[in-house]
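# Descriptive analysis of the structure
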Amino acid sequence: MSADVATANDSETPDRRRVAWMAAAQAGDRRAYERLLADSVALIRTTARRQGVAPDGLDDVVQETLITVHRVRHTYDPGRSYDAWLTAIASRRAIDALRSRGRRDSRELHDDYALDRHPDADDASAATESGQRAQRLHEAIAELPPGQREAVEQLGLRERSLSEAAELTGRNAGALKVNLHRALKALRERFHGEP
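First, a word on scope: everything that follows refers to the structure included in this document. Just so it is clear, the model here is predicted, and its values are computed rather than measured.

This part covers the packing of helix H8 (residues 146–157) against helix H10 (residues 173–192). Close contact between H8 and H10 brings their axes to 8 Å; oriented N to C, the two are set at 95 degrees. Between H8 and H10, the angle is such that the two are roughly perpendicular. Residues Gly147, Gln148, Ala151, Val152 and Leu155 of H8 pack against Leu176, Asn179, Leu180, Arg182 and Ala183 of H10. Of the residues assigned to the contact of H8 with H10, the class counts are six nonpolar, three polar and one charged.

Next up, the structure:
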């Protein structure tokens, strides 16, 4: 590392200090480059915040900016302000992050209670609960009078049309409709307590 970079005094502006470190880094000084990158993080964070990046996205912008600096460090002109050069890069990465987040947010739905209301299909408790409800329903259907049970089985469970069910059971369509209506009313009363 060059002597002038190593002995940078406190009266020097942070930008001039970073200019010297970047010039040394371009000449191959690894230590100066490490100092430069570490010293750049605060400026990148400030720039990203000014662009409107949320606190949870700042680290991503810092990382993307440092990667870009590393990729394009050979384009930096030591005769110009390092802070202005870095701020321009950080602003672009912040805008990229905001655009990416906007696209993602427009495609995703956010609901704090979604998981509570809609358990995963693989959730064992949901499968067990669903199985128990189905078992209770089948038991309730089995306890219905024969005509009502037959109407529910043909029209509800097997999803046959009224004319198909009438033909299969030998009953007229009107009787099947009445029996289905009475069966559904009885099932609603049993499960929900409503007439």
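With a phi angle near 55 degrees, Glu159 is a residue other than glycine that sits in the positive phi range. Mapped onto the elements of the fold, Glu159 is located in the loop between H8 and helix H9 (162–169). What makes Glu159 exposed here is its relative accessible area of 67%.

To continue, consider the packing of H9 against H10. Taken N-terminus to C-terminus, the directions of H9 and H10 make an angle of 105 degrees; their axes are 9 Å apart at the nearest point. In terms of orientation, H9 lies roughly perpendicular with respect to H10. Side by side, H9 and H10 meet where Leu162, Ala165, Ala166 and Thr169 of the first sit next to Ala173, Leu176 and Lys177 of the second. Broken down by class, the residue content of the contact of H9 with H10 amounts to five nonpolar, one polar and one charged.

Counted by the stated rule, this structure contains three aromatic pairs. With a centroid separation of 5.8 Å and an interplanar angle of 45 degrees, the aromatic rings of Tyr82 and Trp85 are classed as tilted. With a gap of three residues between them, Tyr82 and Trp85 both fall in helix H5 (residues 82–107), about one helical turn apart. Judged by its relative accessible area of 0%, Tyr82 is buried. Grouped by ring-pair contacts, the aromatic residues Tyr76, Tyr82 and Trp85 constitute a single cluster. The aromatic ring of Tyr33 is capped on one face by Arg73, whose charged end is 5.4 Å from the ring centroid.

To continue, consider the nonpolar core. Formed by 24 residues in total, the largest nonpolar core has its most connected members in Met22, Val69, Tyr82 and Trp85. Top contributing element to this core by residue count: helix H3 (residues 30–51), with seven residues. Setting aside residues no more than four positions away along its own chain, Met22 makes contact with Leu36, Val69, Arg73, Tyr76, Tyr82 and Trp85. The next biggest cluster of nonpolar side chains, apart from the first, holds six residues, and it includes Leu144, Val152, Ala183 and Leu187.

Each value, and the rule that gives it
Residues numbered from 1 in each chain as written. Predicted model: local features only at pLDDT ≥ 70, side-chain atom pairs only at ≥ 80, totals over all residues. Heavy atoms only, no water. Axes fitted to C-alpha atoms, helices over the stretch in contact; angles between N-to-C directions. Helix = DSSP H or I, 4+ residues; strand = E, 2+ residues; numbered from the N terminus. Parallel < 35°, antiparallel > 145°, perpendicular 65-115°, else oblique. Contact = heavy atoms within 4.5 Å. Nonpolar A, V, L, I, M, F, W, Y, C, P; charged D, E, K, R; others polar. Buried < 20%, exposed > 50% of the residue type's maximum accessible area, 1.4 Å probe, protein only. Phe/Tyr/Trp six-rings, centres within 6.5 Å; stacked < 30°, edge-to-face > 60°. Lys NZ or Arg CZ within 6 Å of the ring centre and 35° of its normal. Core = buried A, V, L, I, M, F, W, Y, C linked by side-chain atoms within 4.5 Å.

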